[in-house]
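Structure at a glance
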Amino acid sequence: MKNISKSYRSHEILQNVSMHISRGEVVGLVGQNGAGKSTLLQIVATAMSANSGELMLNSLSYKDNLKVIRRQIGFVPQEVALWEHMTVRENMLFFAKLSWTKLSEEQCRAICLNMQLHEWDKQVSALSGGMKRKLNIALSLIDDPQLLILDEPTVGIDLKSKTEIVRFLMQQAKEHQKMILYTSHDMEEITTYCDRVYIMGEDSFYYEYLQGKGIFIEKM
Ligand SMILES: Nc1ncnc2c1ncn2[C@@H]1O[C@H](COP(=O)(O)OP(=O)(O)OP(=O)(O)O)[C@@H](O)[C@H]1O
Ligand SMILES: [Mg+2]
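Now for a description of the structure that goes with this document.

Reading guide: rules and limits
Residues numbered from 1 in each chain as written. Chains lettered and ligands numbered in written order. Predicted model: local features only at pLDDT ≥ 70, side-chain atom pairs only at ≥ 80, totals over all residues. Heavy atoms only, no water. Donors = N, O, S within 2.8 Å, 3.2 Å for Na, K, Ca; no water. Helix = DSSP H or I, 4+ residues; strand = E, 2+ residues; numbered from the N terminus. Buried < 20%, exposed > 50% of the residue type's maximum accessible area, 1.4 Å probe, protein only. Near = heavy atom within 4 Å. Polar contact = N/O pair within 3.5 Å; in protein donor to acceptor, adjacent residues only side chain to side chain. Areas by Shrake-Rupley, 256 points an atom, 1.4 Å probe, with all protein chains shown as cover. Nonpolar A, V, L, I, M, F, W, Y, C, P; charged D, E, K, R; others polar. Patch = residues over 30% accessible without salt bridge, like charges linked within 9 Å, V, L, I, M, F, W, Y side chains within 5 Å. Salt bridge = Lys/Arg side-chain N within 4 Å of Asp/Glu carboxyl O. Axes fitted to C-alpha atoms, helices over the stretch in contact; angles between N-to-C directions. Parallel < 35°, antiparallel > 145°, perpendicular 65-115°, else oblique. Left-handed = near helix turned anticlockwise from the far one by under 90°. Contact = heavy atoms within 4.5 Å. Pairing = 2+ DSSP bridges. Core = buried A, V, L, I, M, F, W, Y, C linked by side-chain atoms within 4.5 Å.

On to the coordination of the magnesium ion (ligand 2), then. Around the magnesium ion (ligand 2), the donor atoms from the protein are Ser38 (OG) and Gln78 (OE1), and they sit 2.0 to 2.2 Å away. Residue serine 38 is located in helix 1 (residues 37-44), and its partner glutamine 78 is located in the loop between strand 7 (73-76) and helix 3 (88-98); the two are separated by 40 residues in the primary sequence. According to the relative accessible area criterion, serine 38 is buried, its value standing at 18%. Residue glutamine 78 is classed as partly exposed on the basis of its relative accessible area of 31%.

Structural data, given as structure tokens:
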């Protein structure tokens, strides 16, 4: 990403933001509420367009290769996006049907089990918050994306589920050479699991805190 700028009407949110991510890396994006993290992730995920700047994935420019690039990206938005009246199984099969890689039911189930999501026939409305998050991540994995973008995947969930989710993300990066870009407000988690971190906004608080933890901080 090079020199990305984004305004909502006259309100400038992102100003010449640049970042990079390599295969096998878990990269954290932190910053105070309203700093523009979700805006940035939506732009990387192609869910929103920037006003200016350049984006590339595997040497392909977003501008000319949107269709190909979208197949390589998995996106988990900040708000959980699931069919509440359907079961875990039905959600997985529904999205698998819409996807390019037509996974079998066994393959769909294996993704859930790999994430420690065992409730296959339970209706989503009856799942806990952490389980819903896991299912949302599982959906993003159906097309086996190279770049996984997650907006606060661990917010509001217990330590065990949180650890399972972040360990899973690490495993995806390290064993399958995926690129993981995610946001969290949990600095302990960020410093434990991320290879590098980008800080958004003016806040020197994050900079000093994270520097004290010894994590590699990148300038945007
Ligand atoms: N659709 C929109 N229209 C206008 N302004 C918006 C829109 N979406 C976000 N904003 C504004 O852009 C700024 C950045 O919002 P964004 O959601 O990207 O921040 P964030 O860093 O993800 O915050 P949080 O930590 O609370 O999730 C905020 O000031 C927000 O009010
Ligand atoms: Mg956000």
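That covers the picture; the talk isn't over yet.
Moving on, we get to the site of ligand 1. Near ligand 1 you find 14 residues, and of these Gly34, Gly36, Lys37, Ser38 and Thr39 are the closest. Contact distances for ligand 1 include 3.0 Å between an oxygen atom and a side-chain N or O atom of asparagine 33. Histidine 185 places a side-chain nitrogen or oxygen 3.1 Å from an oxygen atom of ligand 1. Burial of ligand 1 by the protein amounts to 61% of the accessible area it has alone, namely 630 Å². Broken down by element, the residue count for the shell around ligand 1 peaks at 3 residues, all from helix 1. Taken together, the residues of the shell around ligand 1 sort by class into 3 nonpolar, 9 polar and 2 charged.

Moving on to a nonpolar patch on the surface. Taken together, the side chains of Trp83, Phe94 and Leu98 define a hydrophobic patch exposed on the protein surface, amounting to about 320 Å² of accessible area. By the element assignment, leucine 98 lies in helix 3. In this structure leucine 98 comes out as exposed when scored by relative accessible area, which is 60%.

All right, on to the pattern of salt bridges then. For the structure on display, the rule yields 11 salt bridges. Shared partners join several salt bridges into a network, and the residues in it are Glu25, Arg196 and Glu218.

In this section: the packing of helix 3 against helix 4 (residues 105-114). Contact geometry for helix 3 and helix 4: axes closest at 10 Å, N-to-C directions at 120°. Regarding the angle of helix 3 to helix 4, the classification is oblique. As helix 3 packs across helix 4, the resulting crossing turns out to be right-handed. From helix 3, Val88, Arg89, Met92, Leu93 and Ala96 reach across to helix 4, where they touch Glu105, Cys108, Ile111 and Cys112. Residue composition of the contact of helix 3 with helix 4, by class: 7 nonpolar, no polar and 2 charged.

Turning next to the sheet that holds strand 2 (residues 11-17). The strand order 2-1-4 describes an open sheet built from 3 strands, whose pairing is antiparallel. A strand with exactly one partner marks an edge of an open sheet, and here the two such strands are strand 2 and strand 4 (52-54). When strand polarity is set aside, the average angle formed by the axes of neighbouring strands in this sheet is 15°. Across 2 bridges, strand 1 (residues 2-8) lies against strand 4 in antiparallel orientation. Each bridged residue has a counterpart across the sheet, and for serine 5 the counterpart in strand 4 is serine 52. Strands strand 1 and strand 2 of the sheet are contacted by helix 1, whose axis makes an angle of about 60° with strand 2.

If you look at the biggest cluster of nonpolar residues, it comprises 41 residues, and the most contacted ones within it are Val30, Met92, Leu135, Leu150 and Leu210. The element contributing the most residues to this core is helix 6 (residues 159-176), with 5 residues. Counting residues in each nonpolar core, the second largest holds 26 residues, with Leu14, Ile73, Ile149 and Tyr198 among its members.

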